[in-house]
Every structure is written in C-alpha cells, then in structure tokens.
Amino acid sequence: MRALIHDTFGAPEDVLQVADRPTPEPGPGQVRLKIVLSPIHNHDLWTIRGTYGFKPELPAASGTEALGVVDALGEGVENLTVGQRVATGGTFGAWAEYVVANAAGLIPVPESLDDESAAQLVSMPFSTISLLQFLDAKQGDWIIQNAANGAVGRMLAQLGAARGVNVLGLVRRAAGVDELREQGIENVVATDQDDWREQVSAITGGAHVPFGIDSVGGSSAGDVLSLLGDGGTLVAFGAMNSPTMEIASGDVIFKQATVKGFWGSKVIQTMDAATRGALFGELIQRVTEGTLTLPVSGVFDAADAAEAVRASNTAGRVGKVLLRF
C-alpha cells in the first residue's frame, strides 16, 4: 500500500515521501480502514517538523485524522460492518491507503454527511466543541478569542451562536473582518485599528467577559486577558506566532484571573462516553443543518503531498486541504 512517511524531521514539503508499506491486519477489537480523505492539520505538520508534544520514532508515519471505509474486522468487533463509513481523529499514520484503528474510537458517519465534511469532523470541530464544554460557557456568556479567522476561531463563533453564547473575535487586519462577515460571522474587531478596544466595548455593551481564548501567543495573549472581567479565565489553545504568552501581572493579580491550557487530546481521553457521544451528535446535527460549515480549499493526491502542504500553509486560506488515497 502507499503511505506518506518521513525519514527525518524537517519541513514537511521537503521530507515527506510516498513509500510502499505492508497492508496492516486488524487485531482483536480493531478494524482496518480504506482511507478515503485525510485533512492536513497544523499539528500534523508540527509532528513532522519534530516540534509537537508527540515525537514519533523515525522513519515515521504521518497524519492523524481521516474518513475511511471499514475494510476488515478484527476479532470481537460487532458494532461495525464492512463497507461502513467511519471517521477517526486519533489514528496516527492516517496518511496511508490503509490503517488499523481501535473500533471503539471510530465515529459512524451518517449518509447525510458528505465525504469532505466527514473527513474533518473529529480533530478541529470536536476540539472546538470540547473547548466550549471545557469552559462551561452558558447562554448569554461572552468569550473573546484571537485568531478569529482561523479554522477553530470560525467554528467557535458558529457553535457559540448555535448555543446562544456570545463570541467576539479579534483579527490582526481589517480585511479579516470582512472575510468573516462574508461567512455570516459578526462581532469581529481588527486590532490594527486605533480604536479597537472601544469597538470591543461597544459590541459587548460593557458586559462582564468571563472567558478568553489565546491561539496566538506573544502580546496578543495579553490583549485578550486585558479584556476579561474579574475572575476571568484565559485559556491557552495554541501558539501560532509565539511559544511565549506575554501577559501583564497586574491583570492576573487584580482581576484574580486564571490562566490554563487546553490540549484536546488530553481532554478527550478523560471525557466520559455519554458526553463524547452527545457532542459528536451535536456536531453532526450542526453540519447537516448548515449552522457549522467545514469548507475545503483543495483536494490533492498523496503523491502531491509537497504541493498540498504548501497550499495548507498559504496565508488567508479558507478551508482545509485534504489528501486523497
């Protein structure tokens, strides 16, 4: 079978290569999936560079999320059938024609969901809805986030609106405000405007802001914290621009603020099955009814992985880049 591997850590567009690998066989409690589509995520690229929290042994497989069709059943698997479409978000080595996955962790995909949406259902959407659950944000609460025009930022705004949670997004340039409004997302402020703080106050109406989400790092983390009310919580979700959060000690002290991290992989591991099932059910409902959109910016054959990575790294890209196997 074809698989994307790398023999060394480095720029993905330089080190990824297609290799022939033995087709895996499922063990007890496992199934083999024929991969249909797999998205390129930032954490996939960071792993290939060797800069993520997980560092595989070389030569290493790649990719983590995919839509697949059940191709073979291991011993004891009774809840899935050959030919069934399923989504997986935690199967390392998903960038291959076939992968073996634990049956218990797979998400059956209803016929109402198209392949391109199903292929990206787990990692980013589920992390986003899990973040809302993690915050325990209630109807009417305010959340302020930076990187609002990123994939997670856009999904948080859509899922928040569907739940009645107010989400205000910060972007670095005015053009980002227009891009989000074209997608039906309001409550966005560009921080390159001199009066951006006044714009934030006007949108919130001076309401208490209990939650902030930082996906950027650097001084942008401090900007978000400065907008929170007393007892507010700042969550570190990512570090797009800097691995260091620059926050004012005065904001932490005098607001009695809490700063905590969110890593979806860890949170999901401790989530009970009933909550997990309910959240996936909500995601599928939101995508099907159109209140949550999962756009795709391009689909590439695995042989064109370098081109696909460059497309994924393109500034201003809207939608995921998918690999086809």
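Above this text sits the structure in question.
Criteria and thresholds
Residues numbered from 1 in each chain as written. Predicted model: local features only at pLDDT ≥ 70, side-chain atom pairs only at ≥ 80, totals over all residues. Heavy atoms only, no water. Buried < 20%, exposed > 50% of the residue type's maximum accessible area, 1.4 Å probe, protein only. Helix = DSSP H or I, 4+ residues; strand = E, 2+ residues; numbered from the N terminus. Pairing = 2+ DSSP bridges. Salt bridge = Lys/Arg side-chain N within 4 Å of Asp/Glu carboxyl O. Contact = heavy atoms within 4.5 Å. Polar contact = N/O pair within 3.5 Å; in protein donor to acceptor, adjacent residues only side chain to side chain. Core = buried A, V, L, I, M, F, W, Y, C linked by side-chain atoms within 4.5 Å. Patch = residues over 30% accessible without salt bridge, like charges linked within 9 Å, V, L, I, M, F, W, Y side chains within 5 Å. Areas by Shrake-Rupley, 256 points an atom, 1.4 Å probe, with all protein chains shown as cover. Lys, Arg positive; Asp, Glu negative; His and termini not counted. Charge placed at Lys NZ, Arg CZ, Asp CG, Glu CD. Phe/Tyr/Trp six-rings, centres within 6.5 Å; stacked < 30°, edge-to-face > 60°. Axes fitted to C-alpha atoms, helices over the stretch in contact; angles between N-to-C directions. Parallel < 35°, antiparallel > 145°, perpendicular 65-115°, else oblique. Nonpolar A, V, L, I, M, F, W, Y, C, P; charged D, E, K, R; others polar. Arc of directions from axis to C-beta.

Enquirer: Can you help me understand the pairing of strand β6 (residues 98-102) in this one?
Expert: Successive residues of a regular strand alternate their side chains across the two faces of the sheet. Taking every second residue as pointing to the same face, the buried face of β6 carries V99 and A101, while none of Y98, V100 and N102 on the other face is buried. The pairing of strand β3 (residues 30-39) with β6 spans five bridges and is classified as antiparallel. In the sheet register, R32 faces β6, and the bridge partner there is V100.

Enquirer: Is there a simple way to think about the pattern of salt bridges in this case?
Expert: When the charged atoms of two side chains with opposite charge come close together, those side chains can pair. As enumerated under the stated definition, the model contains eleven salt bridges in all. Among the salt bridges present, the one from D136 reaches K138, with a minimum N-O distance of 2.7 Å. Across the pair R286 and E282 runs a salt bridge whose closest N-O atoms are separated by 3.2 Å. Of this pair, R286 and E282 are both found in helix α11 (residues 273-289), four residues apart, which corresponds to roughly one turn of the helix. Both residues of the pair, R286 and E282, count as buried. A cluster of three or more residues bridged by salt bridges with shared partners is formed by R163, E282, R286 and E289.

Enquirer: Got a minute to help me understand unusual backbone geometry in this structure?
Expert: Omega for the peptide link from L58 to P59 comes to -10°, which places this bond in the cis form. Considering the arrangement of structural elements, one finds P59 in the loop between α2 (42-49) and β4 (66-73). A positive phi angle is found at D136, which is not glycine, with a value near 60°. Tracing the sequence through the fold places D136 in the loop between α4 (123-135) and β8 (142-145). When its relative accessible area of 46% is taken as the criterion, D136 is described as partly exposed. One non-glycine residue with positive phi stands out, namely A147, at about 50°. Structurally, the position occupied by A147 is in the loop between β8 and α5 (151-163).

Enquirer: It is not clear to me how the environment of W95 should be interpreted in this structure. Could you clarify?
Expert: Here W95 shows up in the loop between β5 (85-88) and β6. Residue classification places W95 among the buried positions, given a relative accessible area of 1%. In this structure the C-alpha to C-alpha distance between W95 and L37, which are 58 residues apart in sequence, comes to 8.8 Å. Setting aside chain neighbours within four positions, we find W95 in contact with A3, L4, L16, S38, P39, I40, D44, I48, S62, G63, L323 and F325. At a separation of 3.4 Å, a polar atom in the side chain of W95 contacts the main-chain carbonyl oxygen of P39.

Enquirer: Teacher, can you tell me more about the nonpolar core here?
Expert: Across soluble globular proteins, nonpolar side chains have a tendency to be buried as a group. By size, the foremost hydrophobic cluster in this structure holds 46 residues, and its most contacted members are F126, L135, I143, V171, L283 and L292. Among the elements of the structure, α4, α5, β9 (166-171), α6 (174-182), β10 (188-190), β11 (211-214) and α11 are those that each provide at least two residues to this core. Considering each element in turn, this core owes the most residues, six residues, to α4. Sequence-distant contacts of F126, that is, excluding residues within four places in its chain, are made with L121, I268, M271, R276, L279, F280 and L283. Of all hydrophobic cores here, the second largest spans 32 residues; its members include L4, I40, V86 and A103.

Enquirer: Whenever I open this one, a negative patch on the surface confuses me. Can you help?
Expert: Among the surface-exposed residues, D192, D194, D195 and E198 lie close enough to one another that they form a single negatively charged patch. Given the relative accessible area of 52%, E198 is considered exposed.

Enquirer: I tried to follow α2 on my own but got confused; where do I start?
Expert: Structural remark: α-helix, 3.6 residues per turn; residues separated by three or four positions point the same way. Looking only at α2, the buried set comprises H43, D44, L45, T47 and I48. Residues of α2 that are buried in the fold lie against α1 (12-15), β3, α4 and α12 (305-312). Downstream of α2 by one or two residues, G50 has phi in the positive range, about 85°.

Enquirer: I would appreciate a short explanation of the packing of aromatic side chains in the present structure.
Expert: Scanning the entire structure with this criterion turns up six aromatic pairs. Aromatic pair W46 and Y52: ring centres 6.1 Å apart, planes at 35°, arrangement tilted. Judged by relative accessible area, W46 falls into the partly exposed class, the value being 31%. With centroids separated by 5.1 Å and ring planes inclined at 70°, the aromatic side chains of F134 and F262 adopt a geometry described as edge-to-face.

Enquirer: Mind showing me how you'd approach the packing of α5 against α11 here?
Expert: For any two helices packed against each other, one specifies the inter-axial angle together with the distance between the axes. Their axes nearest at 12 Å, the elements α5 and α11 cross at an angle of 100°. When the axes of α5 and α11 are compared, the pair comes out roughly perpendicular. Seen from α5, the contacting residues are L159, A162 and R163; seen from α11, they are L279, E282, L283 and R286. The residue makeup of the contact of α5 with α11, split by class, is four nonpolar, no polar and three charged.

Enquirer: What's the story with the side chain of T47 in this structure? I'm lost.
Expert: On the secondary structure map, T47 appears in helix α2. Residue classification places T47 among the buried residues on the basis of a relative accessible area of 7%. Of note is the side chain of T47, whose polar atom sits 2.7 Å from the backbone oxygen of H43.

Enquirer: Would you take a moment to explain helix α7 (residues 196-204) for this structure?
Expert: Within the sequence span of α7, burial applies to W196, V200 and T204. All buried residues of α7 fall inside an arc of 70° around its axis, so they share one side. In this structure, α7 carries E198 and A202 as exposed residues pointing more than 90 degrees from its buried face. Where α7 is buried, its residues meet β8, β9, β10 and α8 (219-226).

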